[in-house]
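One-letter residues, chain by chain:
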Amino acid sequence: MEPYELTATEIIALYKKRELSVKEVLESVLNRIKSIEDKIGSFLFIVPKNELLTQAETIQKKIDKGKPLGHLEGIPIAIKDNISTEGIRTSCGSRILENYIPTFDATVVERIKKAGVIIIGKTNMDEFALGSSTENSAFKVTKNPWDLTRVPGGSSGGSAAAIAADMSILALGSDTGGSIRQPASFCGVVGMKTSYGRVSRYGLVAYGSSLDQIGPLTKSVDDAALLMNVICGYDPKDSTSIDIETPDYLEFINDLDLKGKTIGVPKEYFAQGIDPEVKSIVMSGIRTFEDMGIVAEEISLPHTEYSVPAYYIIACSELSSNLARFDGVRYGYRAKGSSNIIEMYKETRTNGFGPEAKRRIMLGTYSLSAGYYDQYYNKALKVRTLIREDFLKAFKKYDVIIHPVSPMPAFKIGEKIADPLTMYLTDIYSVTANLAGLPAISIPCGFTKDGLPVGMQITGRPFQEEVVLRFARAFEQARSDLKKKPPI
Ligand code: GLN
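These notes cover the structure that comes with them. Here the structure is a predicted model, which means the values were calculated and not measured.

### Some thoughts on the overall build of the protein
Counting its regular elements, the protein contains 16 helices and 11 strands. What you see for the protein is a C-alpha radius of gyration of 21 Å, in line with the 23 Å of a compact globule of 488 residues. Classification of the 488 residues of the protein by burial places 61% in the buried group. Sequence-distant contacts, at least 24 apart, represent 76% of the contacts inside the protein between residues at least 6 apart. Counting every atom, the protein has about 18,900 Å² of accessible surface; 53% of that belongs to carbon and sulfur. Computed over 59 positive and 59 negative side-chain charges, the separation of the two mean positions in the protein equals 2 Å.

### Points about the pattern of salt bridges
Pairing is possible between side chains of opposite charge, provided their charged atoms come close. Counted by the stated rule, this structure contains 21 salt bridges. For the salt bridge of Glu110 with Lys237, the shortest nitrogen-to-oxygen distance reads 3.5 Å. Of this pair, Glu110 sits in helix H4 (residues 107-114) while Lys237 sits in the loop between helix H7 (221-231) and helix H8 (249-255), placing them 127 residues apart in sequence. Ionic pairing is found between Lys416 and Glu415, a salt bridge with its closest N-O pair at 3.6 Å. With a relative accessible area of 10%, Lys416 lands in the buried category. Bridged by salt links that share partners, the residues Asp166, Lys219 and Lys485 form one connected network.

### Side note on the site of the ligand
Near the ligand, the surroundings consist of 15 residues, among which Thr176, Gly177, Ser179, Tyr207 and Tyr311 are the closest. For the ligand, a nitrogen atom lies 2.8 Å from a polar atom in the side chain of Ser132. In this structure, Tyr207 approaches the ligand through a side-chain N or O atom, which is 2.6 Å from an oxygen atom. Relative to its free-state accessible area of 290 Å², the ligand is covered by the protein chains to the extent of 99%. Judged by the proximity of its atoms to the pocket grid, the ligand belongs to the largest cavity. Of the residues assigned to the shell around the ligand, the class counts are 5 nonpolar, 7 polar and 3 charged.

### Let's talk about helix H9 (residues 276-291)
Helix length check: H9 (16 residues) gives 22 Å between terminal C-alpha atoms against 22 Å at 1.5 Å per residue, within 8%. All buried positions along H9 are accounted for by Val278, Ile281, Val282, Gly285, Ile286, Thr288 and Phe289. Looking straight down H9, one finds its buried side chains confined to an arc of 145°; they lie on one side. The outward face of H9, more than 90 degrees from its buried face, is lined by the exposed residues Pro276 and Asp291. Here the buried face of H9 lies against strand E7 (262-266), strand E8 (295-299), strand E9 (400-404), strand E10 (440-447), strand E11 (453-460) and helix H16 (465-478).

### Details of the side chain of Thr134
Mapping Thr134 onto the fold places it in the loop between strand E3 (118-123) and helix H5 (157-164). Judged by relative accessible area, which is 0%, Thr134 ranks as buried. Not counting residues within four places of it along the chain, the set of residues in contact with Thr134 comprises Asn124, Met125, Asp126, Lys140, Val141, Thr142, Pro152, Gly153, Gly154, Ser155, Gly157 and Gly158.

### Section: the nonpolar core
Judged by nonpolar contacts, the single largest core of 144 residues is most densely connected at Tyr15, Phe128, Leu172 and Ile458. Counting residues in each nonpolar core, the second largest holds 6 residues, with Phe186, Met408, Ala410 and Met423 among its members.

### Focus on the packing of aromatic side chains
Counted according to the given criterion, the structure contains 17 aromatic pairs. Here the aromatic rings of Tyr311 and Tyr312 are separated by 4.8 Å at their centres, their planes lie at 90°, and the arrangement is edge-to-face. Residue Tyr311 shares its accessibility class with Tyr312, and that shared class is buried. Put simply, the rings of Tyr100, Phe128, Phe326, Tyr331 and Phe353 touch in pairs and so form one group of aromatic residues. For Lys416, the ring lying beneath its charged end belongs to Phe411, and the centroid distance is 5.3 Å.

### Focus on empty space enclosed by the protein
Tallied over the full model, the rule gives 1 cavity of 30 Å³ or more. Empty space within the largest cavity amounts to approximately 90 Å³. Lining the largest cavity are 15 residues, with Gly131, Ser132, Ser179, Tyr311 and Asp427 sitting closest to its centre. Its residues assigned to classes, the lining of the largest cavity shows 5 nonpolar, 8 polar and 2 charged.

### A short note on helix H1 (residues 8-16)
Within the span of H1, buried status applies to Ala8, Ile11, Ile12 and Tyr15. On an axial view of H1, the arc spanned by its buried residues comes to 100°, and they lie on one face. In this structure, the buried side of H1 is in contact with helix H2 (22-40), helix H3 (49-64), strand E4 (170-175) and H7. One or two steps after H1, the chain reaches Arg18, where phi turns positive at roughly 60°.

### With respect to the environment of Val199
Within the secondary structure layout, Val199 lies in the loop between strand E5 (190-193) and strand E6 (213-218). With residues up to four places along the chain from it excluded, the contact list for Val199 reads Val108, Thr194, Gln213, Ile214, Ile231, Cys232 and Asp238.

### A few points about the sheet that holds E5
The mixed open sheet is built from 11 strands, whose spatial order is E1-E3-E2-E4-E6-E5-E10-E11-E9-E7-E8. The open sheet has two edge strands with one neighbour each: strand E1 (43-46) and E8. Between one strand and the next, the sheet's axes are offset by a mean angle of 30°, whatever the strand orientation. Here E7 runs beside E8; their pairing, made up of 5 bridges, is parallel. Directly across from Gly264, in E8, lies its bridge partner Glu297. The strands that H2 touches are E1, strand E2 (76-80) and E3; relative to E3, the one it contacts most, it runs at about 15°. Sitting on the sheet, H16 touches E5, E7, E9, E10 and E11, and the angle it makes with E10 is about 15°.

Each value, and the rule that gives it
Residues numbered from 1 in each chain as written. Predicted model: local features only at pLDDT ≥ 70, side-chain atom pairs only at ≥ 80, totals over all residues. Heavy atoms only, no water. Helix = DSSP H or I, 4+ residues; strand = E, 2+ residues; numbered from the N terminus. Rg over C-alpha atoms; globule rule 2.2 N^0.38 Å. Buried < 20%, exposed > 50% of the residue type's maximum accessible area, 1.4 Å probe, protein only. Contact = heavy atoms within 4.5 Å. Areas by Shrake-Rupley, 256 points an atom, 1.4 Å probe, with all protein chains shown as cover. Lys, Arg positive; Asp, Glu negative; His and termini not counted. Charge placed at Lys NZ, Arg CZ, Asp CG, Glu CD. Salt bridge = Lys/Arg side-chain N within 4 Å of Asp/Glu carboxyl O. Near = heavy atom within 4 Å. Polar contact = N/O pair within 3.5 Å; in protein donor to acceptor, adjacent residues only side chain to side chain. 1 Å grid on protein atoms, 1.4 Å probe; cavity = no way out; pocket = protein on both sides within 12 Å on 5 of 7 lines; lining within 4 Å. Sits in = over half its atoms within 2 Å of the grid points. Nonpolar A, V, L, I, M, F, W, Y, C, P; charged D, E, K, R; others polar. Expected span 1.5 Å × (residues − 1). Arc of directions from axis to C-beta. Core = buried A, V, L, I, M, F, W, Y, C linked by side-chain atoms within 4.5 Å. Phe/Tyr/Trp six-rings, centres within 6.5 Å; stacked < 30°, edge-to-face > 60°. Lys NZ or Arg CZ within 6 Å of the ring centre and 35° of its normal. Points joined across faces, edges and corners; volume = space filled by probe spheres on them. Pairing = 2+ DSSP bridges. Axes fitted to C-alpha atoms, helices over the stretch in contact; angles between N-to-C directions.

By themselves, these observations are geometric and do not establish any function.
Have a look at this one:
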């Protein structure tokens, strides 16, 4: 087995036994990138090899001296390009930030560096995280490693494809309405969105500020737990970060007993519009839990049908306000040759933003405008409360809720991009966790006849990430037959 194929947990064990060096892992990963990145297109930037090897050397010295090693020290990570990295371009997949080099690290990046995790590059994404396929990147289209004619999902498609194709050991994505979980589902990897406020958003370029969370994309549940140990926790720099204790996730999920726990299976998430193969794969996933003696019962989340419209009104409203700062004055690209400031704003934004960003700025500006605010934005907020109440009511009786992440497996490149509404509708199952602020994971659950991975979402009570992880891990252990690599 090549080092690039291993999980972080496996690599750390080998570091400790001195059976593998940090340099060997980095070289293995970099060679893997060299041999297949042209086909996949996960990265927008790769850190030069000599810089990576210098970092590897420092950590190796520590290992050689027998000093205690951090849980993820010396492990390569790829970071979505909307997470601020000091001195490394952070483009958000947009022309408007094509040459933007931040002067500061996001809090998660600061924590990752402190933990000795090695940043190897920045990954491709839909422009400003707007999309479900990574086709909205201004720079390139990332391909799904399981089928190069299909999308990897989005918006964190670069990170998910990098993990699926073994071009990184760990990755970070961001999730506003499914952007970690849906690409995880399409690429057959683990992806976790935490409860709103669990991970600092400081340094994450904002899309929908009341929905966004940064989270891990990994090859295993244990790796996700370890990465969460690094990135979770209160941050005074983010006023929406919650000041509560972060448990040691790995230890917790080792201990947690699932006996007597219950699963709610929302019927609205298996209703019309779902691909029959996805339905039967996730149903069989639920049966795996039933075989462990866990009770699963059908429930109803009655406001599900309003989730997509409510989400898109809220997300676009917040987006239109967040993107106002890109005006050619403060960050990134500025149009040349304008004769006055208004013209400069117009030219900059016309040339700098892609079509999806423009569409959503218009949608959001409209729904926030005087006269329409009550009709759209305020109404959507009310619907959001009803959706959250649906979940909280269900959580009085059930420990977790399980359903497919997406109604379909990875679709073809070009299949939906010309029809935005069809694309938006694919988010129906994933946006509710963000609207309700809940922790949710996507784990590989099975494969279609065509060999495409299908993810199962496990959603938990607010701030009960450990319960979600425990369920995910039990499933992963029970279904080791699902551990497959894409044919690339
Ligand atoms: N597909 C959803 C959207 O386009 C979610 C994106 C995300 O989570 N960043 O808004």
